[in-house]
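# Residue-level structural notes
One letter stands for each residue in the lines below.
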Amino acid sequence: MTILVTGGAGFIGANFVLDWLSQSDEPIINLDKLTYAGNPQSLQALQQDKRHELVVGDICDAGLVADLLKRHRPRAVINLAAESHVDRSIQGPGAFIQTNIVGTFNLLESVRAYWNEMDSAARAAFRFLHVSTDEVYGSLSADEDAFTETRRYEPNSPYSASKAASDHLVRAYHHTYGMPVLTSNCSNNYGPLQFPEKLIPLVIANASSGKPLPVYGDGQQVRDWLYVADHCSGLRRILEAGTVGQTYNIGGWNERPNLTVVTEICELLDALQPRADGVSYQEQIAFVKDRPGHDRRYAINASKIERDLGWRPAETFETGLRKTVQWYLANSPWVEDIVNGAYHRSWIDQHYAA
Ligand code: NAD
Ligand code: DAU
């Protein structure tokens, strides 16, 4: 048996692939376009591993997807390929519409044709797991209940709107064609291999190189944080035992304002790699212009996946954040290759210019 993973050279995808192959010998075909966010270095440990094949290509390429399905006959497709950074979706939404909506549609169409040709046992066993986000639910006020799976969709950024559209397509393919789909909506991930344009790795990288630590607006926006290995175990569990047609929220039960997160990173760095002048990294915190349309609060109610599938996160924020900071300190060449790259530098210069 084989699974097809899309976006497996990105942050969550690479963690998922490494995690999968550490627990199973079931091979993975990894279809990734290697955009700026895809990094084959993250998969270096698998270079000689026959269980993993990286195919550089686009989920929008119908011929390629059909060919991969025909040749490898996967028993499941896990769709992680996406444009994923909210700020970039504000600067240039086109790529988000193309990959997140058109790409998901193309995958669904190719998989539908493939699934229709299967015998009845294979059809029943097949799964299409679509990996989505809590951002589709919109923004919560301070005293509102956390998002459940029945919360209405109210996406506020081009990124979250494109993910919402893809979720709707996935739902429709189950309702209309009976395709055996599963959808997960997860909160903010953090951990090893995250591209240093997202808050946590950006703050660690900037702190270590003496740069400002940019906090948008008043820093009181709240996110629910989940260690990436926990997301991977949640996805494996949904794939294994989820009920087709269902959606599952995945979260860390761990809401925190951004400024608290940044302060906690500084405290860890003060202990693990103190500044030469003995001053706290908190000195480097800089309040900058807010993100347009910035969602104030996300919170995930992850009771359903716990009740129905017995999944709960293993890490607390304290244990996960410590591991994350330690990983970035121990893997500075991985970070430096990215932050020294022209593409990343031009994004940082342009986005944080003011
Ligand atoms: P990422 O940006 O780190 O990685 C995305 C990967 O997809 C990259 O390897 C990129 O090369 C690849 N890709 C992009 N366009 C492609 C295309 N057209 N064809 C094939 N590959 C393509 O993203 P991530 O943070 O790892 O997120 C993975 C998925 O999880 C996304 O769908 C995202 O919406 C979802 N998600 C992310 C988070 C989070 O906190 N990072 C939380 C919830 C859900
Ligand atoms: O909630 C799940 C989502 O989490 C995923 O769907 C997205 O793919 C993922 O990128 C993430 O989106 P966010 O916008 O929440 O993540 P980001 O790391 O960009 O920002 C986290 C919070 O920190 C957010 O409130 C914006 C703020 N922020 C971010 C950056 C990059 C800052 O204050 N300063 C910054 O420089």
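Please read these numbers as outputs of a predicted model, since none were measured by experiment. (Residues numbered from 1 in each chain as written. Chains lettered and ligands numbered in written order. Predicted model: local features only at pLDDT ≥ 70, side-chain atom pairs only at ≥ 80, totals over all residues. Heavy atoms only, no water.)

Another point: empty space enclosed by the protein. Applying the stated rule across the entire model yields 3 cavities of 30 Å³ or more. Lining the second largest cavity, in full, are V86, I90, E135, S157, R223, R291, P292, G293, H294, D295 and Y298. (1 Å grid on protein atoms, 1.4 Å probe; cavity = no way out; pocket = protein on both sides within 12 Å on 5 of 7 lines; lining within 4 Å. Points joined across faces, edges and corners; volume = space filled by probe spheres on them.)

What follows concerns the site of ligand 1. In the vicinity of ligand 1 there are 28 residues, among which I12, D32, S84, Y159 and K163 approach most closely. A distance of 3.5 Å is found between an oxygen atom of ligand 1 and a backbone nitrogen or oxygen belonging to L80. Between ligand 1 and T99 there is a distance of 3.0 Å, counted from a nitrogen atom to a side-chain nitrogen or oxygen. When ligand 1 sits alone it has 840 Å² of accessible area, and the protein chains cover 96% of it. Those elements giving two or more residues to the shell around ligand 1 turn out to be α1 (11-23), β5 (127-133), α6 (158-177) and β7 (188-190). If one sorts the elements of the shell around ligand 1 by residue count, β5 sits on top with 3 residues. (Near = heavy atom within 4 Å. Polar contact = N/O pair within 3.5 Å; in protein donor to acceptor, adjacent residues only side chain to side chain. Areas by Shrake-Rupley, 256 points an atom, 1.4 Å probe, with all protein chains shown as cover. Helix = DSSP H or I, 4+ residues; strand = E, 2+ residues; numbered from the N terminus.)

With that settled, the discussion passes to the pairing of strand β8 (residues 213-216). Burial of β8 is two-sided: the residues L213 and V215 facing one way and the residues P214 and Y216 facing the other way are all buried. Relative to strand β12 (residues 285-288), β8 runs parallel, the two being bridged by 4 bridges. Each residue of the ladder has a partner; that of V215, found in β12, is F287. (Buried < 20%, exposed > 50% of the residue type's maximum accessible area, 1.4 Å probe, protein only. Pairing = 2+ DSSP bridges.)

In this section: the pairing of strand β2 (residues 28-32). Most of β2 sits out of view: 5 of its 5 residues are buried. Of the two faces of β2, the one lined by I28, N30 and D32 and the one lined by I29 and L31 are each fully buried. With 4 bridges joining them, strand β1 (residues 3-6) and β2 adopt parallel strand pairing. Its bridge partner lying in β2, V5 is registered against N30. With α1 bridging β1 and the parallel β2, this β-α-β connection has right-handed handedness. Two elements, β2 and strand β3 (residues 52-56), share 5 bridges in a ladder whose sense is parallel. Residue pairing in the sheet places N30 in a bridge with L54 of β3. (Right-handed = clockwise from strand over helix to strand, strands pointing away.)

Turning our eyes to something else, we now look at helix α4 (residues 94-116). The terminal C-alpha atoms of α4, which comprises 23 residues, lie 32 Å apart, in line with the 33 Å expected from a rise of 1.5 Å per residue. Taken as a whole, α4 carries its principal kink of about 30 degrees at G103. Regarding α4, the residues found buried are F96, T99, N100, G103, T104, N106, L107, L108, S110, V111, Y114 and W115. (Expected span 1.5 Å × (residues − 1). Bend = angle between axes of the 7 residues up to and from the residue.)

With that settled, the discussion passes to the layout of surface pockets. In this structure, the largest pocket occupies an estimated 810 Å³ of space. Forming the boundary of the largest pocket are 36 residues, of which L202, N206, P214, I348 and Y352 lie nearest the centre. Where the lining of the largest pocket is concerned, the elements lending two or more residues are α3 (86-91), α7 (199-208), β8, β12, α11 (317-330), α12 (332-339) and α13 (342-351). Broken down by element, the lining of the largest pocket gets its largest block of residues, 6 residues, from α13. Residues of the lining of the largest pocket, tallied by class, amount to 19 nonpolar, 9 polar and 8 charged. There is about 380 Å³ of room inside the second largest pocket. If you trace the second largest pocket, you find 20 residues lining it, with E149, Y153, R171, G245 and T247 closest to the centre. (Nonpolar A, V, L, I, M, F, W, Y, C, P; charged D, E, K, R; others polar.)

Strand order in the open sheet formed by 7 strands is β3-β2-β1-β4-β5-β6-β10, and the pairing between neighbours is parallel. With one partner strand each, in any of the chains shown, β3 and β10 (247-250) form the two edges of the open sheet. Each strand of the sheet is rotated relative to its neighbour by a mean of 20 degrees, with strand direction disregarded. The pairing of strand β4 (residues 76-79) with β5 spans 4 bridges and is classified as parallel. Each residue of the ladder has a partner; that of N79, found in β5, is H130. The sheet contacts of helix α8 (residues 228-241) involve β4, β5, β6 (181-186) and β10, and relative to β5 the element is tilted by about 145 degrees. (Axes fitted to C-alpha atoms, helices over the stretch in contact; angles between N-to-C directions. Contact = heavy atoms within 4.5 Å.)

The quantities given are spatial measurements derived from coordinates; they are silent on function.
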